[in-house]
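The chain contents come next:
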Amino acid sequence: MTTQSIDPTAVPARAGGSGPGPGTRTARPDPRARRGLAPGIRGAVAMALVGGSAAVSRVLVDSPLLTAQALRYLAAAAILVVVARLRGVRLVRPRGVEWLWLLAVAGAGLVLFNVALVRGAAHAEPAVLAVAIACVPVLLGVVGPVLQRRPVRTRVVVAAAVVTAGAVLVEGTGRADGVGVLWALVALVCEAAFTLLAVPVLGRHGAWGVSVHTVWIGAVLFTALAVPFEGWDAVTRLDAGDFVAVVYLAALVTAAAFVLWYGAVGTLGADRAGLLTGIAPVAAAVAGMAGGLGAPHVGVWAGIGVVGAGLVVGLRADKV
């Protein structure tokens, strides 16, 4: 979750790892998730924020991407720290192998994910990348329970496949060469990694801690890339509209969405929360309609209905 929107350069917002490291507590789904809709709503709002950011992301298409991202995550880190203090949230310092998990989340889920989108766009139509990322619910449905030391729930995996099918209908299809397909697969893995690699540290750090540490590490990584590739003066090439877009993405699509998303993952589990990623393309379609792009065609409406059906089936899945 990246993250920037897939149209035109990003998507919602990111498997790897063999399990928690020594001494790391694994986040387990909270049984209270079955007593109310709050966790699902948090995750849905997060994905709606990410999916609906397409119009804002378009503003940065011709801007120095790495510099804009560095500023975005730096601002988001500041916002998160300030709000956490105001709310009395206790943030703890990562220790031992936790640094590796958090670095992996930021490196794969934020940095490599955005690189895959940018490089992939040169070899594939946006729909190809979107369709690849639409497979995230299935990947989370299978790998998530393994990381959380739970059995895979067949009903959730089936629901994930339904959500993926609906997302594909919403996004449509496109053309790509071999390199484009490879970048699309990288984007898929990175999108899933954004959630899966955070699972081992959610238990100790919670949604706020994981969000803060992932974001500031992401800011450092983007800065380390921006300086040699775009130069120190790249910030001067950002205009007022770019800065407004950066602030919007930092406050809502990063700071707010990250906390909401990781809160949903920690409560629902990665598999069921993963179903909610299907909301992002739906939100993008609705945002496009609100932005004057016209009403979606019948295939998009059908896809929205399929996504909804998959969410109903999967979020009510209490048994394997």
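Residues numbered from 1 in each chain as written. Predicted model: local features only at pLDDT ≥ 70, side-chain atom pairs only at ≥ 80, totals over all residues. Heavy atoms only, no water.

1. Description of the overall build of the chain
Reasoning step 1: Assigned secondary structure in the chain consists of 13 helices and zero strands.
Reasoning step 2: Of the regular secondary structure in the chain, the N- to C-terminal order runs α-α-α-α-α-α-α-α-α-α-α-α-α.
Reasoning step 3: The burial tally for the chain puts 52% of its 320 residues in the buried class.
Reasoning step 4: Total accessible area on the chain is roughly 13,300 Å²; 68% of this is exposed by carbon and sulfur atoms. (Helix = DSSP H or I, 4+ residues; strand = E, 2+ residues; numbered from the N terminus. Buried < 20%, exposed > 50% of the residue type's maximum accessible area, 1.4 Å probe, protein only. Areas by Shrake-Rupley, 256 points an atom, 1.4 Å probe, with all protein chains shown as cover.)

2. Points about a nonpolar patch on the surface
Reasoning step 1: Taken together, Ile79, Val82, Val83 and Leu86 make up a surface patch of nonpolar side chains, about 340 Å² in accessible area.
Reasoning step 2: Tracing the backbone through its elements, the reader meets Val82 in helix H3 (residues 65-87).
Reasoning step 3: Judged by relative accessible area, which is 47%, Val82 ranks as partly exposed. (Patch = residues over 30% accessible without salt bridge, like charges linked within 9 Å, V, L, I, M, F, W, Y side chains within 5 Å. Salt bridge = Lys/Arg side-chain N within 4 Å of Asp/Glu carboxyl O.)

3. What to know about the pattern of salt bridges
Pairs can form between side chains of opposite charge whenever their charged atoms are close.
Reasoning step 1: For the structure shown, the criterion picks out four salt bridges.
Reasoning step 2: For the salt bridge of Asp271 with Arg150, the shortest nitrogen-to-oxygen distance reads 3.2 Å. Of the two residues, Asp271 sits in helix H11 (residues 270-275) while Arg150 sits in the loop between helix H6 (136-147) and helix H7 (154-171), which places them 121 residues apart along the sequence. Take Asp271 and Arg150: they sit in the same class, and that class is buried.
Reasoning step 3: A salt bridge links Asp233 to Arg237; the shortest N-O distance between them is 3.7 Å.
Reasoning step 4: By relative accessible area, which is 46% here, Arg237 ends up partly exposed.
Reasoning step 5: A single salt-bridge network, built from bridges that share partners, covers Arg150, Arg153 and Asp271.

4. Considerations on the nonpolar core
Reasoning step 1: Grouped together as the largest cluster of nonpolar side chains are 83 residues, with contacts concentrated most on Trp261 and Tyr262.
Reasoning step 2: Among the elements that line this core, the one with the most residues is helix H10 (residues 240-268), at 13 residues. (Core = buried A, V, L, I, M, F, W, Y, C linked by side-chain atoms within 4.5 Å.)

5. Overview of the confidence of the model for the chain
Reasoning step 1: Mean pLDDT over the chain: 82, with 84% of residues reaching 70 or higher.
Reasoning step 2: Throughout residues 3-37 the model reports pLDDT below 50, and contacts reaching past four residues in sequence, or to other chains, amount to 131 contacts. (pLDDT = per-residue confidence, 0-100. Contact = heavy atoms within 4.5 Å.)

6. Details of the environment of Phe113
Reasoning step 1: Relative to the helices and strands, Phe113 resides in helix H4 (residues 98-121).
Reasoning step 2: Along the backbone, Phe113 and Leu188 are 75 residues apart, and their C-alpha atoms lie at a distance of 8.3 Å.

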